[in-house]
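Structure assessment
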Amino acid sequence: MNTTPNTTPSTFPPPEAVAKSAWVDAEGYARMYEQSVKDPEAFWGEHGKRIDWMRPYTKIKDVSFTGDVHIRWFFDGTLNVSANCIDRHLADKADQTAIIWEGDNPAESKHITYRELHEQVCRLANVLKAKGVKKGDRVTIYLPMIPEAAYAMLACARIGAMHSIVFGGFSPDSLRDRLVDCDSHLLITADEGLRGGRKVPLKKNADEALKESPNVKTQIVVRRTGGEVAWTEGRDFWYDEEIAKVSADCPPEEMSAEDPLFILYTSGSTGKPKGVLHTTGGYLVYASMTHQYVFDYKPGEVYWCTADVGWVTGHSYIVYGPLANGATTLMFEGIPNYPSVSRFWEVIDKHNVSIFYTAPTAIRALMREGEAPVKKTSRKSLRILGSVGEPINPEAWLWYHKVVGDERCPIVDTFWQTETGGILISPLPGATTAKPGSATLPFFGVQPVVVDNDGKLLEGETEGNLCMADSWPGQMRTVFGDHARFVQTYFSTFEGKYFTGDGCRRDADGYYWITGRVDDVINVSGHRMGTAEIESALVAHPKVAEAAVVGYPHDLKGQGIYAYVTLNAGEHPSDELRKELVTWVRKEIGPIATPDLIQWAPGLPKTRSGKIMRRILRKIAANEHEALGDTSTLADPNVVTELVDNRMNHG
Ligand code: PRX
């Protein structure tokens, strides 16, 4: 029990002004939720109509979470995603801004109308066709946060090619792995990116990656900074020159609801990142519906999600959801603390942003700077605040609420994953009483269940593993090229259920509190990393014999990367080697995988069968030396004493 006097309320009902005008209020949520789980066919049959179909569906749902696992929604319907995100708004919104682009440099911004978006996307789609891209082909996109990233996604969707976006912070090796895995023949990149005033050598990285991606025959390069780049004649083409050569007319391809829309690589417990595959109809219905209801989006409002399009949040909630809803979506090239730590709030004032969606790690970093940089801005346009990517600690929630939102704006803490395509658990701003730190209640059609480690269903107030009992339209359909891995990863731990990999608590009000990953995935500043990936990068270094990586609590990043490294016989630990290993991992994976701490480990705690006991390594990293638990099953319990001693000496 908390014994200190506390005057802060622990629950936050929707402000009356929001509840009154919201798409759904508390009663509406209860009614629609019940309908959605009692009769999913009827519910989704109705709500699937929110988008335009070329041939309307008559079949709604065909799902099995057992055996071979298959998931199909609206599966006899046909549509085109880019037509839904652009063409259908041309009748009444052609001159409305679709995308506000705010550059890294505050002096640079532009508005792109739906009419302009249409022209740009059609032209690029024609370029892709001219370069031989066909329906079903994969196009890889390695771009900074510039409008061309959205054009590229929509151009692929227009001609039925799948896009695979690789975040600009990934290394050439990571890019190469992803190009090769999905067998892309075309890459779209830029000369350089620009973030916080610093240049990112995208074309240089891409050239590096292409050395080992023989099937990529064409590279289209956006001129962003005008910086000097190497050039391979016959393979490299300037984006601006190519789009000038083609027509601005490109009819959208008729796609079946279950045709793939995109692949997005994400990290798991084991092996290399896997290509999460999303399809056309269900994904768009779900992305647009969650965008409307979770953010209570109203026509004419400016909506801003600060994610990068390299992550799923950028796919669903910068591009597809908002544009399908005819929204004005803001795309930001920069970072929260450039040129100053007021940047977010200044952009909100500059563009009259009503809805602002960001990550807890950014909130925590800005919170450190105090209230002044926020309070000097007005933020009076703000109506709704959102959070995504990791659990938000109540302290950060309260600061977001009080300081950023002036206690006026509901916060939606949205829990979801690359695999889920859209938000699964979140308050609705006009309906749900929020509790700081809780993602609260499921979205329509979502059926969370909590199970213990043996898969037993836990009822009522409880804690355990978070699964979904049934499908929702935005769910991933397979791992690209490896359906067995899809079944194994998500449906084999708990038979007949989709396992999120997250732990959670359900309180007496039925609210969900996500407690973080229970598998070997860590969440660093809202970026998802597989510990196995970082370990294999470390082990690839010639001086390293063995490595084990765990997450540990980190004030700003949520989790930091803690690496235990055993060197080859004859090698000696040194600060230089530590630096060398850090640089090595950055080169192998990218800066987002930079280890925060490397501890030299003469040995690693293993069971007699040779399995590394990560539970123990996590405790040591977290400085919880008293709570190591049972170490008697270890092959050599002395290893642990040594690691603890080392850790303590580290401070
Ligand atoms: O652990 C959960 C955490 O992020 C994981 C998914 O990461 P990714 O696929 O990269 O997608 C991030 C953006 C959707 C989840 O398994 N996570 C995401 N949102 C929340 C969260 N944890 C707690 N609260 C959230 N709101």
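Note that the structure is a prediction, hence the values are computed from the model and not measured.

The side-chain alternation of strand 27 (residues 521-524) yields two buried faces, one formed by Val521 and Asn523 and the other by Ile522 and Val524. Pairing analysis gives four bridges linking strand 27 to strand 28 (residues 527-530), with the strands arranged antiparallel. Across the sheet, residue Val521 finds its bridge partner in strand 28, namely Gly530. Once strand 27 ends, the chain turns through two residues before running back antiparallel as strand 28, passing Ser525 with a positive phi of about 50 degrees.

In this section: the site of the ligand. Around the ligand, the structure places 16 residues, and the nearest of them are Asp413, Thr414, Thr418, Asp502 and Arg528. Pro391 places a main-chain nitrogen or oxygen 3.4 Å from a nitrogen atom of the ligand. In this structure, an oxygen atom belonging to the ligand sits 2.4 Å away from a side-chain N or O atom of Asp502. In the complex, the protein chains occlude 96% of the 540 Å² of accessible area that the ligand would expose alone. Mapped by element, the contributors of at least two residues to the shell around the ligand are strand 20 (411-414) and strand 26 (512-517). For the shell around the ligand, a count of residues per class yields five nonpolar, six polar and five charged.

Quick look at the sheet that holds strand 4 (residues 97-102) now. One open sheet accounts for seven strands, arranged 5-4-17-16-18-19-20; its pairing is mixed. Lying at the two open borders of the sheet, with one neighbouring strand each, are strand 5 (109-113) and strand 20. Sheet twist, expressed as the average angle between the axes of neighbouring strands with direction ignored, equals 20 degrees. In terms of strand pairing, strand 18 (residues 353-358) meets strand 19 (residues 384-388) through four bridges, oriented parallel. Among the inter-strand pairings, Ile355 is bridged to a residue of strand 19, identified as Ile384.

Quick look at the pattern of salt bridges now. Applying the stated criterion to the full structure yields 47 salt bridges. Between Glu241 and Arg223 there is a salt bridge, with its nearest N and O atoms 3.4 Å apart. A residue pair is termed long-range when its members are at least 10 positions apart, and Glu241 in helix 10 (residues 239-245) and Arg223 in the loop between strand 11 (218-222) and strand 12 (236-238) qualify at 18 residues. Note on Glu241: relative accessible area 43%, which makes it partly exposed.

Conventions we followed
Residues numbered from 1 in each chain as written. Predicted model: local features only at pLDDT ≥ 70, side-chain atom pairs only at ≥ 80, totals over all residues. Heavy atoms only, no water. Buried < 20%, exposed > 50% of the residue type's maximum accessible area, 1.4 Å probe, protein only. Helix = DSSP H or I, 4+ residues; strand = E, 2+ residues; numbered from the N terminus. Pairing = 2+ DSSP bridges. Near = heavy atom within 4 Å. Polar contact = N/O pair within 3.5 Å; in protein donor to acceptor, adjacent residues only side chain to side chain. Areas by Shrake-Rupley, 256 points an atom, 1.4 Å probe, with all protein chains shown as cover. Nonpolar A, V, L, I, M, F, W, Y, C, P; charged D, E, K, R; others polar. Axes fitted to C-alpha atoms, helices over the stretch in contact; angles between N-to-C directions. Salt bridge = Lys/Arg side-chain N within 4 Å of Asp/Glu carboxyl O.

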